[in-house]
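# A look at the structure
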Amino acid sequence: MLLEVRDLHVEFRTREGIAKAVNGVTYSVDEGETLAVLGESGSGKSVTAQAVMGILDTPPGRITGGRILFQGRDLLTLKEDERRKVRGARMAMVFQDALSALNPVLTVGDQLAEMFTVHRGASRKDARAKAVELMDRVRIPAARERAGQYPHQFSGGMRQRIMIAMAMALEPALIIADEPTTALDVTVQAQVMELLAELRRELRMGLVLITHDLGVVADVADRIAVMYAGRIVETAPVHDLYRAPAHPYTQGLLDSIPRLDRKGRELYAISGLPPSLTAIPTGCPFHPRCPRARDVCRTDDPPLYEVSADRRSACHFWRETLRKEPLDAPR
Amino acid sequence: MSENVTLPQQGAKQQGEALLKVEGLQKHFPIYGGFPFKRQVGAVKAVDGVDLTMFAGESLGLVGESGCGKSTTGRLITRLLEPTGGKIEYAGQDITHAKRKQLAPIRSEIQMIFQDPYSSLNPRQTVGTIIKSPMEVNGINPPGGREKRVRELLETVGLNPEHYNRFPHEFSGGQRQRIGVARALALQPKLIIADEPVSALDVSIQAQVVNLLQKVQEEMGIAFLFIAHDLAVVRHFSQRVAVMYLGKVVEVADRDSLYNRPRHPYTHALLSAVPEATVDGPQRERIRLAGDVPSPINPPTGCRFRTRCWKAQEKCATDEPPLVQISGNAEGHLTACHFPEEPTIKGGKEVVLDPALASLESDSK
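Throughout, a residue's number is its position along its own chain's written sequence, starting from 1. The lettering of chains begins at A and the numbering of ligands begins at 1, in the order of writing. Given that the model is predicted, a residue must reach a pLDDT of at least 70 before its local features are reported, and side-chain atom pairs must reach 80 or more before they are shown or counted; all residues, however, enter totals for whole chains, interfaces and linings. Based on all heavy atoms of the structure, the side-chain values leave hydrogens and waters out of the count.

Secondary structure assignment for chain A yields 13 helices and 12 strands. Dimensions of chain A, computed from the C-alpha atoms along their principal axes, are close to 70 × 45 × 40 Å. Only protein chains enter the accessibility calculation, which uses a 1.4 Å probe; a residue whose area is less than 20% of its type maximum is buried, one above 50% is exposed, and one in between is partly exposed. Burial status across chain A gives 54% buried among its 331 residues. If you take every contact in chain A between residues at least 6 apart in sequence, the share linking residues at least 24 apart comes to 63%. As displayed, chain A has an accessible area near 14600 Å², and 49% of this comes from carbon and sulfur atoms. Taken as two groups, the 45 positive and 43 negative side-chain charges of chain A have centres that lie 2 Å from each other. Only runs of H or I of at least four residues qualify as helices and only runs of E of at least two qualify as strands under DSSP, and these elements are numbered from the N terminus. Working rule for contacts: check all heavy atoms of both residues, and any pair within 4.5 Å makes them a contact. Note that accessible areas follow from Shrake-Rupley with a 1.4 Å probe, and for residues the cover is restricted to the protein chains shown. Charge assignment in this entry is limited to Lys and Arg as positive and Asp and Glu as negative, and neither His nor the chain termini are counted. Just so you know, the charge point we use is NZ for Lys, CZ for Arg, CG for Asp and CD for Glu.

Below, the structure is given as structure tokens:
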């Protein structure tokens, strides 16, 4: 197993109290596998990734429990200088907003070359040549000339490709991409996702793809982990999840996207709002919005039930959900 | 191609007078530069000859990539921006360069819903004041008083009337967008320009707001110009759809015709690039567009899409294709292309219209 996150807990101290952003998240990624972490804003998907990368702001954030095993070593027990050697070289991150993730006062060539001078001790000249090579590889036209330009001189799609070049510069074993295409137009989004998938195959990297877009996930992921209120509510291979979700939240998300093959006058809408992280409901955190909720859901927090060998669902009534049984008594 | 061209008429199926007619609309934002005296050195041609027609009570989707001028078009129609050229006709009246006084009666009939529910509500005003102020500005006194009307509106958009005295920061993004909808409805408009009304919201909240907008549109018979980049949402919401590229409308048609038989290569590419949230069925054909949208400061000659088009020929560089109904298109389906696609999207098979949807369509008219 390349990466294993076990029972991770992260809290933030805020003015409103302790915000429990991540509450016992467990997931794993194998070599060459793509895991999509799906969730709405505030579900804890990005915070989990930041904890894995070791770029969580502490304070106000605090990891209160759990382990993060990367290639067999627990990252949370490493010293900062050891952690630094892992970050960038063996695991790298692609951020959503490339313009703010890149340094505006350095040319992109310099920023890419820095990866080689800092981590590999390459000479400036060699590093520069490698930078141009990388830009070529992510299909930036006229890479040699453009290496001398600044981030603002590139279009959004190209900036994102430069981010990807930077992430894969040292051929890491794992890439975490946090909403890599959310800020891009659909035509450019397709280019970037294809590039990412191609590089991942070539280098046999593990990929954690964080997104809220169910469409993007269907195309590229092997497995999906759906997050809600700081925990995983369902994990499954991508095909199984789309055919028959085993958690009412996943079901609701899938039903609320307008689709060609499901024409109707009204979209299904999950009622209510995601809970505040300072006051997560007791029992199942989804129960106030769940059409299947019964008394037990208000009191007992569902564990991750084993649906099949490679599927888990945190719903007391996953059998009914999986079989798409009609909703019985109103709650 | 001129022999199989018929006279363009948008939305030919629709009867009656057009509510809004836009012809050759242009907006050029000047760029100043030079030393020591600043002078105009160029212009961003954000909107460069847009033709649109809207009928009362219909919803028209306007899609395109960022920077194609769809939002600018919306702002020109509401006259938040002064057009550089072209003509805007609202209910038979030319409002292209109408003065403040002439616009006053029309302003209350054209309302706008903005993308960002955080910056489009004044944080210092209560919800009641926000929704009430359009009525105050326009001197409207509904029976029972303005406050009563505001409370009714809050209920219409699915908020608690008790929230009258609360401030915007007490609400979530989806609820704020509902407040924005209530404000737009306050003057009982005939036309609402909704500029990316759901793109800032989470998936589960998006569906709630889309349903609300649809309810409002159908029950109150308000015409909607729905500006969005999300093709799936537009398909769900709009009866007709116009596709923009680099300041121009390249294709416009009723929903089924556009989504099932796009004729413009750009529309085809755009549709094929949308990731579908499904894993069943055969792998769809994917067209990958190379490169980025060219700069609107110096758009390509002839057809603007030719630099990214896989079908482009010499003619495309010299002649700008007109927006016309080409042979094989349904009525009201206009395309601006010299070498249009075959009228189907799925591997040579003709796509049959879903009869259920067709009947729903005719019901709603």
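Before going further, it helps to examine the overall build of chain B. Broken down by element type, chain B carries 11 helices and 11 strands. Relative to its full complement of 365 residues, chain B shows a buried share of 55%. By sequence separation, contacts in chain B at least 24 residues apart represent 65% of the contacts at least 6 residues apart. A total of about 16000 Å² of accessible surface is found on chain B, and carbon and sulfur atoms cover 51% of it.

Before going further, it helps to examine the interface of chain B and chain A. Of the residues lining the interface, 40 residues belong to chain B; the matching set on chain A comes to 41 residues. What gets called buried area is simply the loss in accessible area from a 1.4 Å probe that two parts show on being joined, summed for both. A combined buried area of about 3600 Å² lies between chain B and chain A, and 55% of that area is made up of carbon and sulfur atoms. Basic side-chain nitrogens of Lys or Arg form a salt bridge, by our definition, when they fall within 4 Å of a carboxyl oxygen of Asp or Glu. Our count for the chain B to chain A interface comes out at zero salt bridges. Any pair of nitrogen or oxygen atoms within 3.5 Å is treated as a polar contact; in protein, a donor-acceptor pairing is required on top of that, and neighbouring residues in sequence qualify only through side-chain atoms on both sides. Applying the counting rule to chain B against chain A returns seven residue pairs in polar contact (both at pLDDT 80 or more). Looking at the side of chain B that touches chain A, the elements with two or more residues in it are helix 6 (203–220), helix 7 (231–237), helix 9 (265–273) and helix 11 (355–364) of chain B. Throughout this entry, Asp, Glu, Lys and Arg are counted as charged residues, while Ala, Val, Leu, Ile, Met, Phe, Trp, Tyr, Cys and Pro are counted as nonpolar. The remaining residues, Gly among them, count as polar. Residue classes in the side of chain B that touches chain A are distributed as 17 nonpolar, 11 polar and 12 charged.

Here the focus is the UniProt feature "domain: ABC transporter" (unreviewed entry) in chain A. UniProt positions are given in the numbering used here, feature names are shortened, and annotations may be inferred rather than shown by experiment. Mapped onto the present numbering, the UniProt feature "domain: ABC transporter" (unreviewed entry) falls at residues 5–254 of chain A. Helix makes up 41% of residues 5–254 of chain A and strand 27%. Its end C-alpha atoms lie 26 Å apart.

Turning next to the nonpolar core. In this text, buried Ala, Val, Leu, Ile, Met, Phe, Trp, Tyr and Cys residues form a nonpolar core when linked through side-chain atoms within 4.5 Å. Of all hydrophobic cores here, the largest spans 63 residues; its most connected members are I131 and F224 of chain B. A total of seven residues in this core trace back to one element, the largest contributor, which is helix 6 of chain B. Non-local contacts of F224 of chain B, meaning those with residues more than four positions away in its chain, are made with M54, E58, S59, L60, I113, I192, A194, L213, V216, Q217 and F237 of chain B. With 43 residues, the next largest nonpolar core counts V108, F116, M158 and L209 of chain A among its residues.

What follows deals with the UniProt feature "domain: ABC transporter" (unreviewed entry) in chain B. The sites that carry the UniProt feature "domain: ABC transporter" (unreviewed entry) are, in the present numbering, residues 20–271 of chain B. Secondary structure content for residues 20–271 of chain B is 35% helix and 29% strand, while the C-alpha to C-alpha distance between its ends is 27 Å.

Residues and elements named next belong to chain A. Here strand 1 (residues 3–14) runs beside strand 4 (residues 61–70); their pairing, made up of eight bridges, is antiparallel. Among the inter-strand pairings, F12 is bridged to a residue of strand 4, identified as G61. Examined bridge by bridge, strand 1 and strand 2 (residues 17–29) share 10 bridges and lie antiparallel to one another. If you follow L3 over to strand 2, its bridge partner there is V29. Note: two strands are recorded as paired if DSSP finds a minimum of 2 bridges between them.

Here we come to the sheet that holds strand 9 (residues 240–245) of chain B. Adjacent strands of a sheet form backbone hydrogen bonds with each other and so pair up, either parallel or antiparallel. All names here are of chain B. Reading across from one edge, 6-7-8-3-9-10-11 is the order of the seven strands in this open sheet, with mixed pairing throughout. Two strands in the sheet have a free side with no partner beyond their single neighbour: strand 6 (110–113) and strand 11 (334–335). Direction of pairing for strand 3 (residues 59–63) relative to strand 8 (residues 223–228): parallel, over a ladder of five bridges. Paired with L60 across the strands is L225, a residue of strand 8. Working convention: axes come from line fits to C-alpha atoms, limited for helices to the stretch in contact. Angles between N-to-C directions cover 0 to 180 degrees. Against the sheet, helix 5 (residues 173–185) makes contact with strand 6 and strand 7 (191–195), and its axis sits at roughly 175 degrees relative to strand 6, the strand it touches most. Set on the sheet, helix 9 makes contact with strand 9 and strand 10 (248–254); between it and strand 9 the angle comes to about 105 degrees.

Moving on to the domain arrangement of chain A. Residues and elements named next belong to chain A. The domain architecture assigned to chain A consists of domain 1 (31–49 + 79–90 + 176–331) and domain 2 (98–169). Approximately 1100 Å² of surface area, both sides summed, lies buried where domain 1 meets domain 2, with 64% of it carried by carbon and sulfur atoms. Where domain 1 packs against domain 2, one counts two salt bridges. Linking E198 and R139 is a salt bridge whose minimum nitrogen-to-oxygen distance equals 2.8 Å. Applying the counting criterion to the domain 1 and domain 2 interface returns three residue pairs in polar contact (both at pLDDT 80 or more). Among the elements that make up the side of domain 1 that touches domain 2, the one with the highest residue count is helix 8 (residues 186–203) (nine residues). By residue class, the composition of the side of domain 1 that touches domain 2 is nine nonpolar, two polar and four charged. Source of the domain bounds: an automatic or database domain assignment.

Two descriptors summarise a pair of aromatic rings, namely the distance from one centre to the other and the angle between the planes of the rings. Within 6.5 Å between ring centres, the rings of Phe, Tyr and Trp (the latter by its six-membered ring) count as paired, and their orientation is classed by plane angle as stacked under 30 degrees, edge-to-face over 60, tilted in between. With the rule as written, the count across this model stands at eight aromatic pairs over all chains. Relative to F237 of chain B, the ring of F224 of chain B has its centre 5.4 Å away and its plane inclined at 70 degrees; by these criteria the two rings are edge-to-face. Pair noted here: F224 of chain B is in strand 8 and F237 of chain B is in helix 7, with a separation of 13 residues, a long-range link. Given a relative accessible area of 0%, F224 of chain B falls into the buried group. The buried category is assigned to F237 of chain B, whose relative accessible area is 3%. Sitting over the face of the ring of F154 of chain A, R146 of chain A holds its NZ or CZ atom 4.3 Å from the ring centroid. Between the NZ or CZ atom of R294 of chain A and the centre of the ring of F317 of chain A, over which it lies, the distance is 4.1 Å. For a lysine, the NZ atom is tested; for an arginine, the CZ atom; a charge sits over a ring if that atom is within 6 Å of the ring centre and within 35 degrees of the ring normal.

Residue and element names in this part refer to chain A. Sheet architecture is open: four strands sit in the order 2-1-4-5, paired in antiparallel fashion. Since the sheet does not close on itself, it has two edges, and those belong to strand 2 and strand 5 (73–74), each with one partner. When strand 4 meets strand 5, the two strands line up antiparallel, connected through two bridges. Of the residues in strand 5, the one forming a bridge with L69 is D74.

Counted by the stated rule, this structure contains 28 salt bridges over all chains. Here E234 of chain A and R311 of chain A are joined by a salt bridge, their closest N and O atoms 2.7 Å apart. Here R311 of chain A lies in strand 12 (residues 311–313) and E234 of chain A lies in strand 10 (residues 231–237), a separation of 77 residues in the sequence. The partner of E341 of chain B in a salt bridge is K311 of chain B, and the shortest N-O contact between them spans 2.9 Å. Residue E341 of chain B is located in the loop between strand 11 and helix 11, and its partner K311 of chain B is located in the loop between helix 9 and helix 10 (314–318); the two are separated by 30 residues in the primary sequence. Counted as one network, the salt bridges with shared partners bring together K148, R149 and E152 of chain B.

Glancing now at the environment of K79 of chain A. Residue and element names in this part refer to chain A. By the element assignment, K79 lies in the loop between strand 5 and helix 2 (80–86). On the basis of relative accessibility, which here comes to 57%, the residue K79 falls in the exposed class. With 112 residues separating them in the primary sequence, K79 and Q191 have C-alpha atoms 38 Å apart.

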